[in-house]
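Listed here are the chains, written in short residue letters.
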Amino acid sequence: DAMVIQNPRYQVTQFGKPVTLSCSQTLNHNVMYWYQQKSSQAPKLLFHYYDKDFNNEADTPDNFQSRRPNTSFCFLDIRSPGLGDAAMYLCATSRDGAQETQYFGPGTRLLVL
Amino acid sequence: EDKVVQSPLSLVVHEGDTVTLNCSYEVTNFRSLLWYKQEKKAPTFLFMLTSSGIEKKSGRLSSILDKKELFSILNITATQTGDSAVYLCAVYSGNTPLVFGKGTRLSVIA
């Protein structure tokens, strides 16, 4: 089945230790998104790629970076995780910028010790 | 600044009740409104609404949009415990991919 896959599902890291979360999709969608969702809050968009064009939200900290080496894969790098970065990280895709419906992966729950 | 407001923030009902969840929005260049259901994992897509007055229906769930009054409602009839979740409303304005509301947490008790 076509889907959005995120690995790992749970990630534990230490304060300040870089971590990379991955997302892959078999939907062949042009747009990929990374959201951060903290407990009882709405998902907060960090950035998105329209094909290879990177779009950063204005309030996304520099600590968060992203890479999209090809259509299928997108990575979220957190260079120096702080305790406040513990959250669920959601990857989503949409067919193109005019196709608003986003399909979400299962998420990666990040714990920072 | 684009804004999406959902109400109530939480709701507890008994099985079999009908519930109505509200979503109002203020966005420039409105394109569409989406409803998602989020249980313990990632949001799952329910509906996308672009036109006023046209009801979308899926089983016991239905939704309608009013572009003049800038709101949408999500109805769930004959609620079941499996309907317990956070229901997220999001609006696409063309300026930013999606603006989410804070969600309504629905708890259905037997």
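None of these values were measured; they are calculated from a predicted model.

Quick word on the interface of chain A and chain B
No. 1: Tallying the contact residues gives 20 residues for chain A and 20 residues for chain B.
No. 2: For the interface between chain A and chain B, the tally reads 0 salt bridges.
No. 3: Viewed at the interface, chain B and chain A are joined by 2 residue pairs in polar contact (both at pLDDT 80 or more).
No. 4: Breaking the side of chain A that touches chain B down by element, the ones donating at least two residues are β4 (31-37), β5 (44-50) and β9 (87-94) of chain A.
No. 5: Broken down by element, the residue count for the side of chain A that touches chain B peaks at 3 residues, all from β4 of chain A.

Some details on the sheet that holds strand β1 (residues 4-7) of chain A
Residue and element names in this part refer to chain A.
No. 1: Across the sheet, 4 strands lie side by side as β1-β3-β8-β7; this open sheet has antiparallel pairing. Every interior strand has two partners, whereas the edge strands, β1 and β7 (64-67), have only one. When strand polarity is set aside, the average angle formed by the axes of neighbouring strands in this sheet is 20 degrees.
No. 2: Pairing between β7 and strand β8 (residues 73-78): 4 bridges, direction antiparallel. Along β8, the bridge assignment pairs F64 with I78.

Looking at the pattern of salt bridges
No. 1: The full count for this structure, using the stated rule, is 5 salt bridges over all chains.
No. 2: Put simply, R67 of chain A and D77 of chain A hold a salt bridge, and the shortest N to O gap is 2.7 Å. Within this pair, whereas R67 of chain A is found in strand β7, its partner D77 of chain A is found in strand β8, the two being separated by 10 residues in sequence.
No. 3: Its relative accessible area of 14% is what places D77 of chain A among the buried residues.
No. 4: With a closest N to O distance of 4.0 Å, K37 of chain B and E39 of chain B form a salt bridge.

Concerning the sheet that holds strand β3 (residues 19-26) of chain B
Residue and element names in this part refer to chain B.
No. 1: Overall, antiparallel pairing links the 5 strands, which are arranged β1-β3-β8-β7-β6 in an open sheet. A strand with exactly one partner marks an edge of an open sheet, and here the two such strands are β1 (3-7) and β6 (56-58). The mean angle between the axes of side-by-side strands here comes to 15 degrees, regardless of whether they run parallel or antiparallel.
No. 2: Bridge count between β1 and β3: 5 bridges; the pairing is antiparallel. Across the sheet, the residue bridging to Q6 is C23, located in β3.

Here's the deal with the packing of aromatic side chains
Residue and element names in this part refer to chain A.
No. 1: Scanning the model with the defined rule gives 13 aromatic pairs over all chains in all.
No. 2: With a centroid separation of 6.1 Å and an interplanar angle of 40 degrees, the aromatic rings of F64 and Y89 are classed as tilted. Remark: Y89 occurs in strand β9 and F64 occurs in strand β7; sequence separation between them is 25 residues. Taken as a pair, F64 and Y89 share a single burial class, namely buried.

What counts and what doesn't
- Residues numbered from 1 in each chain as written.
- Chains lettered and ligands numbered in written order.
- Predicted model: local features only at pLDDT ≥ 70, side-chain atom pairs only at ≥ 80, totals over all residues.
- Heavy atoms only, no water.
- Contact = heavy atoms within 4.5 Å.
- Salt bridge = Lys/Arg side-chain N within 4 Å of Asp/Glu carboxyl O.
- Polar contact = N/O pair within 3.5 Å; in protein donor to acceptor, adjacent residues only side chain to side chain.
- Helix = DSSP H or I, 4+ residues; strand = E, 2+ residues; numbered from the N terminus.
- Pairing = 2+ DSSP bridges.
- Axes fitted to C-alpha atoms, helices over the stretch in contact; angles between N-to-C directions.
- Buried < 20%, exposed > 50% of the residue type's maximum accessible area, 1.4 Å probe, protein only.
- Phe/Tyr/Trp six-rings, centres within 6.5 Å; stacked < 30°, edge-to-face > 60°.

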